[in-house]
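The chain contents come next:
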Amino acid sequence: MKHVLHPHPQYRDASEFITLCYRELGKSEVELDMRLASVREQLASTGTYEHTVDELTHGAKLAWRNSNKCIGRLFWDTLSVVDARGVQTEADMAEALFSHIESATGGGVIRPFITVFAPLAANDTAARGNRIWNHQLIRYAGYESEDGSIIGDPASLAFTRVCLELGWRGEGTPFDVLPLVFNLAGREPVWFDIPKSLLLEVQIRHPEYPAFDELGIKWYAVPIVSDMGLEIGGIHYPAAPFNGWYMGTEIGARNLADERRYGLLPAMAHAMGLETARDFTLWKDRALVELNVAVLDSYRKSGVTIVDHHTAAQQFGRFEKNERSSGREATGRWSWLVPPLSPATTPIFHNRYKDDERSPRFYYQNDAKP
Ligand code: ARG
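My aim in this report is to walk through the structure given alongside it, one point at a time. (Residues numbered from 1 in each chain as written. Predicted model: local features only at pLDDT ≥ 70, side-chain atom pairs only at ≥ 80, totals over all residues. Heavy atoms only, no water.)

Things to note about the pairing of strand β11 (residues 229–232)
Note the following rule: Classification of residues uses two cut-offs on accessible area relative to the type maximum, computed with a 1.4 Å probe and protein chains only: under 20% is buried, over 50% is exposed, and between them is partly exposed. Each helix corresponds to a stretch of at least 4 residues labelled H or I by DSSP, and each strand to a stretch of at least 2 residues labelled E; elements are numbered beginning at the N terminus. Should DSSP find at least two bridges between two strands, the strands are regarded as paired.
Burial along β11 is two-sided: the face carrying Gly229 and Glu231 and the face carrying Leu230 and Ile232 are both buried. As judged from the three bridges shared by β11 and strand β12 (residues 235–237), these two strands associate in the antiparallel manner. When the sheet's bridge partners are listed, Ile232 is paired in β12 with Ile235.

What follows is the structure, given as structure tokens:
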């Protein structure tokens, strides 16, 4: 039989993904051909096609494997994928997000999860769809007071204002957990407080400098990125929150240390009794190391999964090796893979990576707020 033309623009992306997916999953050529035929049919009659659960599951895993900025990709195949494409009400969406938080947290034994909500419709050229407005499902609010001083996380200033406009009120502490804010396709945003019973947080204490403990610093257990889009075989999922566990430096060398975040290096130095007048003494560097010791030690003692950057870099090396033996070359973005603490002590610093973008992939999308 002569092959028909497949003019649908999405067919190329679709067939590329389906072919890769079915080969990796060890499905037969017959199965592949049958599936491609049905995708062509769906595209022709509806302008889009629907992933099977197997395709969605493997596609999400591949998007993680292709995340060039992520040092934790050794574990890509252990991702748990929750199919929430059927969710049609705000209450069900909130329930699915709460359930993600609960399962991913695992009482401290953190497991990588992704919850995938319905994709963009075929006619949705403006890419309005289901959207989660939070950057991460769990994050702290940031408030700017009259005198310009900031309480909480400065990275959350704009989103906190949105929450306040929607009618949410925080307590005004430096660690107010923001509400979940999301909208279903074509509908107004809604917000839900996350039940306290679902929130796992870690008090940050230093094993040798108890003066630091007095500051009452804490951080949440699970980073669940919720504002990125997921593209699989030409289908766009604009709401697909995902999580791994923390690498210590994300908290200790950035969130708590950056001057534009919690800016705690002077406080740490003070707790250590360091003199902070001159850069030359490297007080910042010494405080930075001890802040990171405090983060790792506190998570470990609380039984919450966390990885140090040396171990993570080693795991990344194993990922590279696995990829090579599977006939692929790991792609990566050096500037993100290299840890912000003692970079040159890890092999990543001394390597080069090709920053090629592959599909399936996670991608940045426009602000959810219209
Ligand atoms: N860097 C972000 C933060 O500090 C989290 C990004 C995702 N991190 C992860 N380990 N999966 O909150």
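As for the nonpolar core
Defined as follows: We define the nonpolar core as a collection of buried residues of types Ala, Val, Leu, Ile, Met, Phe, Trp, Tyr and Cys that are connected through side-chain atoms lying within 4.5 Å of one another.
Met93, Ile194, Ile204, Trp219, Leu256 and Tyr299 are the most contacted members of the largest nonpolar core, which totals 57 residues. Counting residues in hydrophobic clusters, the runner-up holds 42 residues, among them Phe17, Cys21, Leu56 and Val225.

Re helix α2 (residues 29–46)
For clarity, the cut-off: What a helix should span is 1.5 Å times the count of its residues minus one. Taken from the helix axis, the directions to the C-beta atoms give the arc we talk about.
In this model, α2 (18 residues) spans 25 Å end to end at C-alpha, consistent with the 26 Å of a helix rising 1.5 Å per residue. Those residues of α2 not exposed but buried are Leu32, Arg35, Leu36, Val39 and Leu43. Looking straight down α2, one finds its buried side chains confined to an arc of 105 degrees; they lie on one side. Opposite the buried face of α2, at more than 90 degrees from it, the exposed residues are Val30, Met34, Glu41, Ala44 and Ser45. With its phi angle positive at about 85 degrees, Gly47 sits one or two positions after the end of α2.

Digging into the packing of aromatic side chains
Selection rule: Centres within 6.5 Å are what make two rings of Phe, Tyr or Trp a pair, Trp counting through its six-membered ring; a difference in plane orientation under 30 degrees is then read as stacked, over 60 as edge-to-face, and the rest as tilted.
Tallied over the full model, the rule gives 13 aromatic pairs. Summarising the aromatic geometry, the rings of Tyr220 and Tyr246 are spaced 5.9 Å apart at their centres and angled 50 degrees between planes, so their arrangement reads as tilted. In this pair, Tyr220 is assigned in strand β9 (residues 218–220) and Tyr246 in strand β14 (residues 246–247), connecting sequence segments 26 residues apart. Using a relative accessible area of 1% as the deciding quantity, one classes Tyr220 as buried. What makes Tyr246 buried here is its relative accessible area of 2%.

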